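Analysis of the macromolecular model
Residue-level listing of the chains:
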Amino acid sequence: MRFSTIFFDLDDTLYPSSVGLWASIKERMNIYMRDVLYIPEDKVPALREQYYKMYGTTLRGLKDRHNVDEQDFLAFVHDLPLQDYLTPNPLQREIIASLPHRKLVFTNADVNHAQRVLATLALDDLFEDIIDVKAVAPYCKPNPESFAIAQELADEPDPRKCVMIDDLPRTTRAALEVGMASILYGTEEPTPDASGVFVDWNHLPILLGDE
């Protein structure tokens, strides 16, 4: 087996972006920035994206520039009825369960949100651990330091034995740059930003070389 460890992103990877959950989370960020931090409403969307690009997550930018309370922010933006967005996918569960590798969630969200999402998707028993944004602080994906910490937490020192599955090209590209393989979820268009791409979960074992 070429790989020992697979890191799975959470949002927009373990469920499709079309369900709209991440869009609702971003809107909750907008509300928090407007109502709690008193940032003018017309400046919020651009500032949120600016921090996301500069710091890796909007939260990191808000902590650095506005001294925001991390736990308060995360609790607010993730306070959504997940069952209104997410539905378990039996095929996805079967595929992930069949993979012989060690499987961990590696997310820029916090562990509470990750646990809720996994439970709603009926995947919560399939992953050995959750590496969240607090576990890799003060870094986050796609910072190279975050991948090093994730490897350490996964007890796999060799990046060549690791795979990062994510929906963001900047993350899959960063994984390649630290020596991991990476697979971009959500497109069938080949890209130099990832080792492989997929939309159909049936294709994942093939990309991993398990079939």
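Residues numbered from 1 in each chain as written. Predicted model: local features only at pLDDT ≥ 70, side-chain atom pairs only at ≥ 80, totals over all residues. Heavy atoms only, no water.

Okay, the nonpolar core next. Membership of the largest hydrophobic core comes to 46 residues, with the highest contact counts inside it found for Phe8, Leu14, Phe73, Phe127, Trp201 and Leu204. Excluding its chain neighbours within four sequence positions, the residues that come into contact with Phe127 are Phe8, Leu14, Ile96, Lys103, Leu104, Val105 and Leu118. Counting 14 residues, the second largest nonpolar core, distinct from the first, contains Ala150, Ala154, Cys162 and Met164. (Core = buried A, V, L, I, M, F, W, Y, C linked by side-chain atoms within 4.5 Å. Buried < 20%, exposed > 50% of the residue type's maximum accessible area, 1.4 Å probe, protein only. Contact = heavy atoms within 4.5 Å.)

A few words on the packing of helix α3 (residues 58-66) against helix α4 (residues 70-77). The contact between α3 and α4 brings their axes to 11 Å, and the two run at 145 degrees. Read as a crossing pair, α3 and α4 show a hand that is right-handed. Mapping the contact onto sequence places Leu59, Arg60, Leu62 and Lys63 in α3 and Glu70, Phe73 and Leu74 in α4. Grouping the amino acids of the contact of α3 with α4 by side-chain chemistry returns 4 nonpolar, no polar and 3 charged. (Axes fitted to C-alpha atoms, helices over the stretch in contact; angles between N-to-C directions. Helix = DSSP H or I, 4+ residues; strand = E, 2+ residues; numbered from the N terminus. Left-handed = near helix turned anticlockwise from the far one by under 90°. Nonpolar A, V, L, I, M, F, W, Y, C, P; charged D, E, K, R; others polar.)

This next bit is on the pairing of strand β2 (residues 102-106). Each regular strand shows side chains that alternate between the opposite faces of the sheet. Among the 5 residues that make up β2, 4 are buried, leaving the element largely enclosed by the rest of the structure. In the sheet, strand β1 (residues 5-8) pairs with β2 via 4 bridges, with the strands oriented parallel. Residue pairing across strands places Phe7 opposite Leu104, the latter belonging to β2. Strand direction decides the pairing type here: β2 and strand β3 (residues 129-131), joined by 3 bridges, are parallel. Paired with Phe106 across the bridge in β3 is Ile131. Read from β2 through helix α6 (residues 111-120) to β3, the crossover connection turns out right-handed. (Pairing = 2+ DSSP bridges. Right-handed = clockwise from strand over helix to strand, strands pointing away.)

The next thing to look at is the sheet that holds β3. One open sheet holds the 6 strands; their spatial order is β3-β2-β1-β4-β5-β6, and the pairing between them is parallel. This sheet does not close on itself; its edge strands, each paired only once, are β3 and β6 (196-198). Geometrically, the sheet is characterised by an average inter-axis angle of 25 degrees between neighbouring strands, direction not taken into account. Seen against the sheet, helix α8 (residues 169-177) touches β4 (162-166) and β5 (181-185) and runs at an angle of roughly 170 degrees to β5.

In this structure, the largest pocket occupies an estimated 500 Å³ of space. What lines the largest pocket is a set of 27 residues, and nearest its centre among them are Trp22, Met29, Tyr52, Asn108 and Leu168. (1 Å grid on protein atoms, 1.4 Å probe; cavity = no way out; pocket = protein on both sides within 12 Å on 5 of 7 lines; lining within 4 Å. Points joined across faces, edges and corners; volume = space filled by probe spheres on them.)

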